[in-house]
Amino acid sequence: MPQLDWANLGFQYRDTNSHIEFTWRDGAWDAGRLVSDPYLKLSIAASALHYGQAAFEGLKVFRCKDGKVRVFRPQANAERMQRTAVRTYMPPVPTEMFLDAINRVVLDNLDYIPPYGTGGSLYIRPLLIGSGAQIGVAPAHEYTFLILVTPAGNYYKGGLKPVKAIIYDEYDRAAPHGMGDVKVAGNYAASLFAHERAKKEGFPVELYLDAKTHTCVEEFATSNFIGIKKGVYVTPDSCSVLPSVTNNTLKQIAVDLGMPVETRPVHFDELKDFDEIAACGTAVVVTPVSTIVRGSTVINVPSGPDACGPVFEKLFHTVQGIQYGELPDQHNWCVEIK
Ligand SMILES: Cc1ncc(COP(=O)(O)O)c(C=O)c1O
């Protein structure tokens with residue numbers, strides 16, 4: 001039994017009992033195995049290292065109120081990873097194999113799932129890489145799919161806390177018809193420089209505009225943009241935004257609550273008219289944004305610097321309630337581990 005301080009886990013990698021690892025060779029995936037060694041033996045010429053054949057996912061497992069363990073919307077992550085695989089010329093992992101792999105690795109790491117009531121979860125990180133040697137620019141002949149798990153703490157111990165966001169016109173995240181809509185490792189390399197600069201300048205998140213015209217809002221480096229305008233849930237429509245499972249979930253809950261939802265281009269000039277703005281993603285569900293800075297322009301969101309706006313507060317608690325089994329799961333999003 002690991003000795004973990006559940007209340008202060010934060011979000012950092014910790015070794016666990018095992019990860020699960022599969023190899024694709026000669027056109028087929030093997031049956032996979034649980035591996036306790038947290039290191040890979042990889043060819044120094046692996047295509048993941050040289051040519052960026054690397055895709056990942058992120059999702060969570062919760063210990064619920066009834067004591068059962070459930071994973072949130074794993075089919076959605078399986079399908080997104082399949083799209084990323086096709087786009088980067090890697091063999092897609094079939095949904096059934098993806099779900100079975102989660103089940104096996106979580107069962108081997110039950111001790112690492114934070115107890116119900118701590119606000120924590122077990123973070124699941126599926127990774128697909130070209131592991132075969134490939135010296136000319138071409139797809140590899142061998143691939144590795146693995147899932148690592150690591151316990152994650154409650155991000156909002158004192159309630160949802162708004163953050164300040166910055167837009168830098170000198171950096172773009174993804175080009176139109178590039179790879180912004182899939183979860184490929186290179187997208188994150190593209191955002192690291194701006195992200196570290198933003199943090200140093202006092203902005204926990206940076207917001208990207210469309211790379212072609214810099215007139216429309218796209219998304220944050222690791223989360224989608226969502227806003228509330230006159231009671232309408234609004235999120236950008238763009239071919240270079242990652243389709244977020246959380247955003248999709250929040251949209252459905254908004255519809256269930258009777259709110260209109262608009263997925264459409266969001267002009268930068270429109271930001272000043274929003275009542276609430278937030279970033280959304282698996283890691284923390286909703287991060288309220290209080291201020292957006294672009295050069296000398298400062299947009300202060302009416303929900304203010306100290307608290308989340310009422311709509312996102314409600315949506316946040318609804319998602320968490322479903323994830324921890326406190327509210328009915330009417331869309332069958334939660335899959336029990338057994
Ligand atoms: C670029 C980007 N946008 C949005 C998201 C949020 O997606 P999800 O809600 O599926 O975690 C993520 C995180 O996966 C991301 O990396």
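Below you will find a few notes about this structure.

Rules used throughout
Residues numbered from 1 in each chain as written. Predicted model: local features only at pLDDT ≥ 70, side-chain atom pairs only at ≥ 80, totals over all residues. Heavy atoms only, no water. Core = buried A, V, L, I, M, F, W, Y, C linked by side-chain atoms within 4.5 Å. Buried < 20%, exposed > 50% of the residue type's maximum accessible area, 1.4 Å probe, protein only. Helix = DSSP H or I, 4+ residues; strand = E, 2+ residues; numbered from the N terminus. Contact = heavy atoms within 4.5 Å. Axes fitted to C-alpha atoms, helices over the stretch in contact; angles between N-to-C directions. Parallel < 35°, antiparallel > 145°, perpendicular 65-115°, else oblique. Salt bridge = Lys/Arg side-chain N within 4 Å of Asp/Glu carboxyl O. Phe/Tyr/Trp six-rings, centres within 6.5 Å; stacked < 30°, edge-to-face > 60°.

## What about the nonpolar core?
- Membership of the largest hydrophobic core comes to 31 residues, with the highest contact counts inside it found for Trp29, Ile102, Val106, Ile124, Leu128 and Phe145.
- Those elements that place two or more of their residues in this core are β1 (19-25), β5 (59-63), β6 (69-72), α2 (74-87), α3 (95-107), β7 (121-130) and β8 (143-152).
- Ranked by residues supplied to this core, first place goes to α3 with 6 residues.
- Sequence-distant contacts of Ile124, that is, excluding residues within four places in its chain, are made with Glu57, Gly58, Leu59, Val61, Val71, Ile102, Val106, Ile147, Leu148 and Val149.

## Remarks on the packing of helix α5 (residues 245-256) against helix α6 (residues 310-323)
- Here α5 crosses α6 at 105 degrees, and the two axes come no closer than 10 Å. On the basis of the axis angle, α5 is roughly perpendicular to α6. Contacts from Thr249, Leu250, Ile253 and Ala254 in α5 reach Leu315, Thr318, Val319 and Ile322 in α6.

## Describing the pattern of salt bridges
- In total, this model carries 15 salt bridges according to the counting rule given.
- With a closest N to O distance of 2.8 Å, Arg294 and Asp169 form a salt bridge. Here the residue Arg294 occupies a position in strand β16 (residues 285-294), and Asp169 occupies one in the loop between β9 (163-167) and α4 (185-200), the gap between them amounting to 125 residues.
- Because the salt bridges share partners, they merge into one network encompassing Lys229, Glu262, Arg264 and Glu270.

## Considering the packing of aromatic side chains
- All told, the structure shown has 14 aromatic pairs when counted by the stated rule.
- An angle of 70 degrees between the planes, with centres 6.3 Å apart, marks the rings of Trp29 and Phe145 as edge-to-face. Here Phe145 lies in strand β8 and Trp29 lies in strand β2 (residues 28-29), a separation of 116 residues in the sequence.
- Classification of Trp29 as buried rests on a relative accessible area of 18%.
- Judged by centre distance (5.9 Å) and plane angle (80 degrees), the ring pair of Phe225 and Phe274 falls under edge-to-face. With a gap of 49 residues between them, Phe225 in strand β12 (residues 224-229) and Phe274 in the loop between β14 (261-264) and β15 (276-281) connect regions that are remote in the sequence.
- Taken together, the aromatic side chains of Phe22, Trp29, Phe98 and Phe145 make up a single cluster linked through ring pairs.

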